Amino acid sequence: MIKITGQHYINGQWTNSTNETFSSYNPCTDKENPWQFFTASTNDINNAVSTAAQAFTQYRNTTTEQRAQLLDNIAVEIERLGEQLITTVMNETALPQLRVEGERGRTCSQLRLFANNLRQSICPVYIDKAMPERQPLPRADSRLTQIPLGPVVVFGASNFPLAFSTAGGDTASALAAGCPVIVKGHPAHPATSELVCHAIDRAIKQSDMPRGIFTLVQANTSQAAQQLVNAPLIKAVGFTGSQHVGDILNSIAQSRPVPIPFYGELGSTNPQFILPKLLSNQPVALAQNQVNSMLMGHGQFCTSPGLVVVEESPALDIFVSEIATGIAAANPGTMLTKGIASAYQKKLTEYSNHPNLTLIAQGQTGEGHCQTPAAIFSIAATDFLSQPVLHEELFGPCALIVKCQSKVEFEQVAQSLPGQLTASIHGTEAEISDALSLIHEVAQHVGRLIFNQLPTGVEVCHSMQHGGPYPASTAPQTTSVGSQAITRFTRPICLQNMPQDILPNELKDGAATLQIIN
């Protein structure tokens, strides 16, 4: 059993420089958890940044096999935390045991995915060999590869305490790239972060890596976050959270004397476009699927379907009635924090009092501070189109049904949408084949376009794109999930006429890597 100390992990040591503390909160019991955590001071942040920068000079020169072994070791050590980790996550988030165990598996799988990708690269290098006899001018030997950016700050996410936090996808991809990582632990689950950090510490020692390649600092104030993003030695930021906080941090990142990439995943309503023929054929099944998806994780997934776009028809009445039945019967769910629950409840009240929104159904209410009901509203497409504020994400188990009077309105809704992580188009095979204009329009707004499936669930694989136009993400050309996530923390470099004996291994003639040679 690991003792929770509440300290920061800097340069391989557990430390704190102040006595200012905060606690995590158990959303199920409405009581504070029994641990205290020290708030990072300015000195703590400065030490973390300088340590990471010093470690980078060594870490960037490690081999892909060394980094792969580190990632494998981290996965093993996370698994070795056993029941203590599962119980701690549950006490800090109210997530059920099966969900936490599944997320632990996903976290370890993505660590191993990046390890495997380092051993068998899926990213090619490009080689243009010298042509000294070419006329009128000879061509030099040039070779293109990627190098790591430098120290990266990662912000833990509230809704994925393992897979998008201390050893989550941002951390795994940055370490795989050769970048030291400073994690700013999420104040909602600091004990979880500390336990995972112990696993990373053990893996670093087993792998004989520089101590400063990983740092954990804890704080429940905004000052530490802003100082980290503004630190000159930080070269990139990974963030998953609210649009409000993400915009503030991104503004800091871009306002620095030397701006840095800010990879933020901020918000998405993940619209569902249901075509008329399929709605006529399957109104009950479509409704049940929508309810099940929006209630998954009590609506606290970044891909929760918060918007349904349909055309008026007799089948729509059946669809709405079935959704109303499902939502009305839904038990109250426990949200991740009091703050998230309060914000959701406030927005729900605003929706209930909105003159253009009709409450179709609301689920059962609970007694705890973090317990909230599910809800479903409807609105006419003309009203929806005229009020962009209703296009924003409502984080939680709530969705809007947008009722269109025509195909023209249907496509106008698609045109009006801000950037999304995902969108789904549901239709018969013939309908989808005839909906190319809709498909092409929706594609301009999303990172992942789905057909006849709900969006909840993100596969960690080579082809996954988890990002999209703003505000879904701040860098729509990148993904935070899947193999290509590593490219966020590298940059291209062309090596011209470099001698063979000092070329990086992947660029040497005959290297066992994916080379595109001209």
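Provided above is the structure to which this section pertains.
The rules behind the values
- Residues numbered from 1 in each chain as written.
- Predicted model: local features only at pLDDT ≥ 70, side-chain atom pairs only at ≥ 80, totals over all residues.
- Heavy atoms only, no water.
- Helix = DSSP H or I, 4+ residues; strand = E, 2+ residues; numbered from the N terminus.
- Rg over C-alpha atoms; globule rule 2.2 N^0.38 Å.
- Buried < 20%, exposed > 50% of the residue type's maximum accessible area, 1.4 Å probe, protein only.
- Contact = heavy atoms within 4.5 Å.
- Areas by Shrake-Rupley, 256 points an atom, 1.4 Å probe, with all protein chains shown as cover.
- Pairing = 2+ DSSP bridges.
- Axes fitted to C-alpha atoms, helices over the stretch in contact; angles between N-to-C directions.

Novice: What's the story with the overall build of the protein in this structure? I'm lost.
Specialist: In terms of helices and strands, the protein carries 16 helices and 24 strands. Compactness check: the protein gives a C-alpha radius of gyration of 25 Å against a globular reference of 24 Å for 518 residues, within 12% of the reference. Here the protein holds 518 residues, and 56% of them are scored as buried. Sequence-distant contacts in the protein: of pairs separated by 6 or more residues, those separated by 24 or more amount to 76%. Here the protein has roughly 21,300 Å² of accessible surface; of this, 51% comes from carbon and sulfur atoms.

Novice: Looking at this structure, how should I read the sheet that holds strand β15 (residues 307-311)?
Specialist: Whether parallel or antiparallel, the strands of a sheet pair through hydrogen bonds between backbone atoms. Strand order in the open sheet formed by seven strands is β17-β19-β20-β15-β14-β21-β22, with mixed pairing between adjacent strands. The two strands at the open ends of the sheet, each matched to only one other strand, are β17 (358-362) and β22 (446-451). Across the sheet, the mean angle from the axis of one strand to that of its neighbour is 20°, orientation sign disregarded. Here β17 runs beside strand β19 (residues 375-380); their pairing, made up of four bridges, is antiparallel. Residue pairing in the sheet places Leu359 in a bridge with Phe377 of β19.

Novice: When you look at the sheet that holds strand β23 (residues 490-496) in this model, what are you seeing that I'm missing?
Specialist: Taken together, four strands build an open sheet; the order of strands is β23-β8-β7-β24 and the sheet is mixed. Since the sheet does not close on itself, it has two edges, and those belong to β23 and β24 (515-517), each with one partner. Along the sheet, successive strands turn relative to each other by an average axial angle of 25°, direction set aside. The pairing of strand β7 (residues 125-128) with strand β8 (residues 142-148) spans three bridges and is antiparallel. Its bridge partner lying in β8, Ile127 is registered against Arg143.

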